[in-house]
Amino acid sequence: MNDSPPPAATAEKPTSANGSNAAAPQFVGFRLADQHYIFRIERIQEIVIPTSIARVPEVPPYVDGVSNLRGTIIPIINLRALFKLDRKTNDAETRTIVVNVGSRTIGCTVDAVSRVMRVAPEQIQPAPDSVSSTGRRFIEGFARVGEELFILLDVDQPLGP
């Protein structure tokens, strides 16, 4: 079932010399536990309310199973489990972000989708060296938007082949 688009972004501070951030790339913000994350919007196919999931034997613990997305069977990855966070029961805010990774389509279960936002390239900083090598492979960078810090996930790393 298709969900309505995430709420529009709140007004962001201008990021370019002419006072406009219209050229800045767009991202979709979402939450896992109490942390904010973002995916590049061009990697997202759609955002849906989770539906029934068929359990599949002998898959990694972070794979919840597969789901039928309008006739296409896609794997459903639980990002909480992938990042070794405690699992939680789906609620009214839970969403599945359907992303395109190469030629594959994958659903990512998140606690909530927060907003679409523009983030200028200069607002994104690389992961510091102190972040463990295991955790770093998922992280493309960090972005501060207003008072919030977002972790920019590299969709190819956790979900790629």
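What counts, and where the lines are drawn
Residues numbered from 1 in each chain as written. Predicted model: local features only at pLDDT ≥ 70, side-chain atom pairs only at ≥ 80, totals over all residues. Heavy atoms only, no water. Pairing = 2+ DSSP bridges. Helix = DSSP H or I, 4+ residues; strand = E, 2+ residues; numbered from the N terminus. Phe/Tyr/Trp six-rings, centres within 6.5 Å; stacked < 30°, edge-to-face > 60°. Buried < 20%, exposed > 50% of the residue type's maximum accessible area, 1.4 Å probe, protein only. Salt bridge = Lys/Arg side-chain N within 4 Å of Asp/Glu carboxyl O.

K.L.:
Help me get a handle on the sheet that holds strand 10 (residues 139-145), residues and values and all.
P.N.:
The mixed open sheet is built from six strands, whose spatial order is 8-1-2-11-10-9. Edge positions in the sheet fall to strand 8 (112-118) and strand 9 (124-125), since each of these pairs with one other strand and no more. Strand direction decides the pairing type here: strand 10 and strand 11 (residues 148-153), joined by six bridges, are antiparallel. In the strand pairing of strand 11, valine 145 is matched with glutamate 148.

K.L.:
Please set out the packing of aromatic side chains residue by residue, giving values where relevant.
P.N.:
Tallied over the entire structure, the rule returns four aromatic pairs. Ring geometry for phenylalanine 30 against tyrosine 37: centres 5.6 Å apart, planes inclined by 15°, an arrangement best described as stacked. Tyrosine 37 shares its class with phenylalanine 30; the two are buried. Measuring from ring centre to ring centre gives 5.0 Å for phenylalanine 30 and phenylalanine 39, while their planes differ by 40°; the resulting arrangement is tilted.

K.L.:
Which residues make up the pairing of strand 11, and what values do they have?
P.N.:
Taken together, the three bridges between strand 2 (residues 35-40) and strand 11 define a ladder with parallel strand orientation. By the bridge assignment, histidine 36 is partnered in strand 11 with phenylalanine 150. Between strand 10 and strand 11, which pair antiparallel and follow one another directly, the connecting turn spans two residues, one of which, glycine 146, has a positive phi of 65°.

K.L.:
So what's going on with the pairing of strand 8? Residues and values would help.
P.N.:
Of all the seven residues making up strand 8, five are buried; the element is thus mostly covered by neighbouring parts of the structure. Bridge count between strand 1 (residues 26-32) and strand 8: six bridges; the pairing is antiparallel. Bridging across to strand 8, phenylalanine 27 finds its partner in methionine 117.

K.L.:
Talk me through the pattern of salt bridges; I want residue IDs and the actual numbers.
P.N.:
With the rule as written, the count across this model stands at seven salt bridges. Measuring nitrogen to oxygen at the nearest pair gives 2.3 Å for the salt bridge that ties arginine 70 to glutamate 46. Here the residue arginine 70 occupies a position in the loop between strand 4 (63-69) and strand 5 (72-78), and glutamate 46 occupies one in strand 3 (residues 44-48), the gap between them amounting to 24 residues. Here aspartate 64 ties to arginine 87 by a salt bridge, and the two come within 2.7 Å at their closest N and O atoms. Placement of the pair is aspartate 64 in strand 4 and arginine 87 in the loop between helix 1 (79-82) and strand 6 (95-101), with a sequence separation of 23 residues. Judged by relative accessible area, aspartate 64 falls into the buried class, the value being 12%. Relative accessible area serves as the criterion here: at 44%, arginine 87 is assigned to the partly exposed category.

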